[in-house]
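Below, each chain spelled out in residue letters.
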Amino acid sequence: MKKLLSQSTLLLSCALAMQSCSNDMSQQDPVVNQDASKIWPSLNIKVKQDPAVEQRVETILSGMTLEQKVAQTIQPEIRDISVEDMRRYGFGSFLNGGGAFPNNNKHAKAEDWITLAEDMYQASIDDSLDGSTIPTMWGTDAVHGHNNVIGATLFPHNIGLGAAHNPALIKKIAQATAQEVLATGIDWVFAPTVAVVRDDRWGRTYEGYSEDPEIVRDYAAAIVEGLQGDVGVDFMDQQHVISTTKHFLGDGGTENGDDQGNNLASEQELFDIHAQGYVGGLSAGTQTVMASFNSWHGIKNHGNKYLLTDVLKNQMGFDGLVVGDWNGHGQIKGCTNENCPQAMNAGLDIYMVPTDAWKPLMNNLIAQVKSGVIAQSRLDDAVRRILRVKVRAGLFDKPSPAHRQLAGNNEIIGSQAHREIARQAVRESLVLLKNKQHLLPLDPTQHFLIAGDGADNIGKQSGGWSITWQGTGNVNADFPGGSSIYDGIKQQVEQAGGSTELSVSGEYRQKPDVAIVVFGEDPYAEGNGDVDNLEYQRGNKKDLALLRQLKADGIKVVSIFISGRPMWVNPELNASDAFIAAWLPGTEGGAIADVIFNAAEQKPNYDFVGKLSFSWPNTPTQHANRFDPEYAPLLPYGFGLTYQDDNLLGDDLNETVQTAEGAQLSPMKLFSLTVQAPWELRINANQQTKAMTSSVVELPELSVKTTDYHVQEDALHIMWHKEAAVSLASNFPEDLRPYQEKNASISFDLKLNQLPSSPITLSMQCENGCSKLLDLNTQLTNVQVNQWQQISIPLACFSDVNFARVYSPFKLSSGAKTDITLSNIRIVPSEKSAETTHCPQ
Ligand code: BGC
Ligand code: BGC
């Protein structure tokens, strides 16, 4: 059984053993004694220390109390504090997370954002309760435009911008983003992400520009200058915001592409590959750096003094502030969200603490400075850095948020000028992978079928971090002013005298000359997008079926593939005459039509200029990166056809799913952070079955809500009021025989929130109604309420199940007064024989 301590036990043990908590790190840290100057350069940073600024900072610092200083280091989230909390404590900064809006209103207007910004600002400078008049600052994830705001221009995600390889364009995007952010009264943007992504299974692959440091370095400088302005010209004027270069360091290089995982790069690789965005971003004067969730050789970066203090601050010369990531400090060994002097001691300046943990954390920090666990000089250094950034950003001199130049300017949000920049970015990000017999550019006077679930779907084409955190739960009306890919095609074609027919499933009334099929990944963010191999639609190739159907009808097919990463699509490539990697274009999907159709005189206005900044895989398990010793991707880094080029890909790419030779069978994840394809979370209640598509479902029979276990929203809180079931099921049968042969068990983490008064049964469902029910209560008798425990049941216990055709490997049923939290559901192979199997009855 996995050993798990409750938060309060951890808190207590850390408090009792404070000394050993803080010493723990250095004993474990394999790199802490290195000499940073051997590998890391001292950078020539454009923003120089100005004696007048430093003097002002010292004057403010010298008048501050301990409580006021600690409050500067606390960054709570708008869903967890009120304006009155701000007045009472005077936090140095606050944030809104992905999908967090003023008044919890998704459709909040610029005025609503401004009102909250103004209220928080005024409360922060109101000294009636906390005695401080230091302005607070608001940080937001404007990672592809001001993406939490309805009507904002959403630019292509970074992966598409990498393909465009145009730093001047990137700078314009950053400037436009800064303006839209300023219209809502926000001071600070948590971008750019400069991860160099080495394993595309990572759910944040699309937040990276490239697998190679070259583009990342150039872009980091361009974005930082676009957001903050040019030093000596318009740095931090009222058209600019503070930038954050993130996530420091090595987030794109974790083992198996695991989000928040462990990076095993050598120190030299850490610099050569992963740190190049910091060389660009820090030199250009980025004022803040965000610590990363990941570990380096097992040590969480939030607690790594060598990286945060010795390398980043002392050696590279960064004099701005280091902000933590979403309770990332709580993941340091020996820490909790509420208690973590280790992070500040390692060099963290601001704790991002977006839950109600902010209050105990703040009180603990005050006590820890008093008792000397945190040196006064370290706290002063942190506050000095925060104040330095605020003075440089002009926060003490600019008018309050509601009275700044762009405040409340609804016209700037999603303005035509910004959309034009986004359209250019969309056009330049497209990479043409296949173009048989020069099918593209298309003659717009013909008849077109537009098919696929991405054709008229602005949410899908925008990906994660679009209005909501995961980018799910949106409809086209949530993107006013934007255009779907279909919108653009329809406009171009009709203008030229041609015609279109839109049908997601591909039926047509009039046989088209050409079908344009838009398909690809559904939105996701962070760990929810982690996959264990790169096969597209594993186990459920419905888009391939559509392409083949059209082909069988003798129709030429253009595929437009929406994705946050390169994927193994050999079968889909074979079934397409032309194939475009469109990445995640954002709200201006209509611009794709600018490129694929001829304008006047049989000539297009635009050609394809995008080139792969990620190698395209040859097998589902290939993780090829430019300059690898045995580099053999399907299409290499830098690939991208233009209209002059001849097609290279035939229709005969290998379609067999090759996984590495002799590879071990890896655990099959069913619910790991979130539901894993091809499985769906379904609710069976009142004789009806429904897929759960949002993070909350409330029915008379039961309620299901996502909740936090190890990371954000990686667990399901299920409460039964009546007889009902929750299952993980697929539309197609899955072959689980390889797992059965390896004596696998189905395993999950479970917490009983109260003792159940109804039996809980687990069953599996296979074809033709075969199923097997097991009563779990025998397993649960020793379980304590409110304690997580891992339950494993051998597949062999499901004796009547036909493992070749399983529709649902996990169905949990119960009745009234059952209240559990569930996480991490997977099928885990074992090397042991099945003889000792104990099964529930
Ligand atoms: C992400 C950051 C983001 C922060 C605030 C975290 O989970 O890793 O990139 O800035 O949340 O939303
Ligand atoms: C929150 C988002 C936030 C994200 C950061 C989620 O739990 O709902 O607002 O941006 O965590 O990782």
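Residues numbered from 1 in each chain as written. Chains lettered and ligands numbered in written order. Predicted model: local features only at pLDDT ≥ 70, side-chain atom pairs only at ≥ 80, totals over all residues. Heavy atoms only, no water.

Turning our eyes to something else, we now look at the site of ligand 1. Taken together, 15 residues sit near ligand 1, with Asp141, Arg204, Lys246, His247 and Asp325 positioned nearest. Between an oxygen atom of ligand 1 and a side-chain N or O atom of arginine 204, the distance comes to 2.7 Å. The side chain of lysine 246 places a nitrogen or oxygen atom 2.9 Å from an oxygen atom of ligand 1. Look at ligand 1: alone it shows 310 Å² of surface, and the protein chains cover 99% of it. (Near = heavy atom within 4 Å. Polar contact = N/O pair within 3.5 Å; in protein donor to acceptor, adjacent residues only side chain to side chain. Areas by Shrake-Rupley, 256 points an atom, 1.4 Å probe, with all protein chains shown as cover.)

Now for the pairing of strand β30 (residues 806–814). Of all 9 residues that make up β30, 8 are buried, and the element is covered over most of its length. Two elements, strand β27 (residues 761–766) and β30, share 5 bridges in a ladder whose sense is antiparallel. Each bridged residue has a counterpart across the sheet, and for glutamine 765 the counterpart in β30 is serine 808. (Buried < 20%, exposed > 50% of the residue type's maximum accessible area, 1.4 Å probe, protein only. Helix = DSSP H or I, 4+ residues; strand = E, 2+ residues; numbered from the N terminus. Pairing = 2+ DSSP bridges.)

With that out of the way, let us pick up the pairing of strand β26 (residues 745–752). Where burial is concerned, most of β26 is hidden: 8 out of the 8 residues are buried. Covered by surrounding structure in β26 are Ser745, Ser747, Asp749 and Lys751 together with Ile746, Phe748, Leu750 and Leu752, the residues of both alternating faces. Relative to strand β29 (residues 788–794), β26 runs antiparallel, the two sharing 7 bridges. Bridge pairing in β29 places phenylalanine 748 opposite isoleucine 791. Pairing of β26 with strand β31 (residues 818–828) involves 7 bridges; the strand directions are antiparallel. Pairing of lysine 751 across the sheet is with threonine 821, part of β31.

In this model, the protein chain carries a mean pLDDT of 92, and residues with pLDDT of at least 70 account for 95%. A low-confidence stretch, residues 1–29 stays under pLDDT 50, and its non-local contacts, those more than four residues away or across chains, total 37 contacts. (pLDDT = per-residue confidence, 0-100. Contact = heavy atoms within 4.5 Å.)

As a matter of local geometry, ligand 2 sits amid Arg79, Gly97, Gly98, Trp326, Trp465, Trp469, Glu526, Gln712 and Glu713. In the model, an oxygen atom of ligand 2 is placed 2.6 Å from a nitrogen or oxygen of the arginine 79 side chain. Within the side chain of glutamine 712, an N or O atom sits 2.3 Å from an oxygen atom of ligand 2. Computed on the free molecule, ligand 2 has an accessible area of 310 Å², of which 91% lies beneath the protein chains in the complex. In terms of residue class, the shell around ligand 2 is built from 3 nonpolar, 3 polar and 3 charged. (Nonpolar A, V, L, I, M, F, W, Y, C, P; charged D, E, K, R; others polar.)

Let us look at the packing of aromatic side chains. Counted under the stated rule, the structure contains 21 aromatic pairs. Ring centres 5.4 Å apart and planes at 70° place the aromatic pair tyrosine 89 and tryptophan 358 in the edge-to-face group. With a gap of 269 residues between them, tyrosine 89 in helix α5 (residues 83–89) and tryptophan 358 in helix α15 (residues 358–371) connect regions that are remote in the sequence. Seen in terms of ring centroids, phenylalanine 748 and phenylalanine 810 are 5.4 Å apart; in terms of plane orientation they differ by 80°. Their pairing is edge-to-face. Of the two residues, phenylalanine 748 is situated in strand β26 and phenylalanine 810 in strand β30; the sequence distance between them amounts to 62 residues. The two residues phenylalanine 748 and phenylalanine 810 agree in class, both being buried. Taken together, the ring pairs connect Phe519, Tyr536, Phe561, Phe579, Trp583 and Trp616 into an aromatic cluster. A cation sits over an aromatic face here: arginine 88 above tyrosine 89, 5.0 Å from the ring centre. Cation over ring: arginine 427 sits above tyrosine 606, and NZ or CZ is 4.0 Å from the ring centre. (Phe/Tyr/Trp six-rings, centres within 6.5 Å; stacked < 30°, edge-to-face > 60°. Lys NZ or Arg CZ within 6 Å of the ring centre and 35° of its normal.)

Another aspect to go through is the environment of glutamine 34. Considering the arrangement of structural elements, one finds glutamine 34 in the loop between α2 (18–28) and α3 (51–62). Linking glutamine 34 and tyrosine 306, residues 272 residues apart in sequence, is a C-alpha distance of 8.0 Å. Beyond its immediate stretch of four places on either side in the chain, glutamine 34 contacts Glu267 and Tyr306.

Let us now look at unusual backbone geometry. The amide bond that connects phenylalanine 248 to the next residue, leucine 249, takes the cis arrangement and shows omega of 10°. With respect to the helices and strands, leucine 249 occurs in the loop between β5 (244–248) and β6 (262–263). With omega at 0°, the peptide bond leading from leucine 440 into proline 441 counts as cis. On the secondary structure map, proline 441 appears in the loop between β12 (431–435) and β13 (447–451). Positive phi is not limited to glycine here, since asparagine 327 has a value of about 55°. Its location among the elements puts asparagine 327 in the loop between β10 (321–323) and α14 (341–346). Taking relative accessible area as the criterion, asparagine 327 reaches 7% and is therefore assigned buried. We note that histidine 438 has phi near 45°; this positive angle belongs to a residue other than glycine. Examined against the element boundaries, histidine 438 turns out to sit in the loop between β12 and β13.

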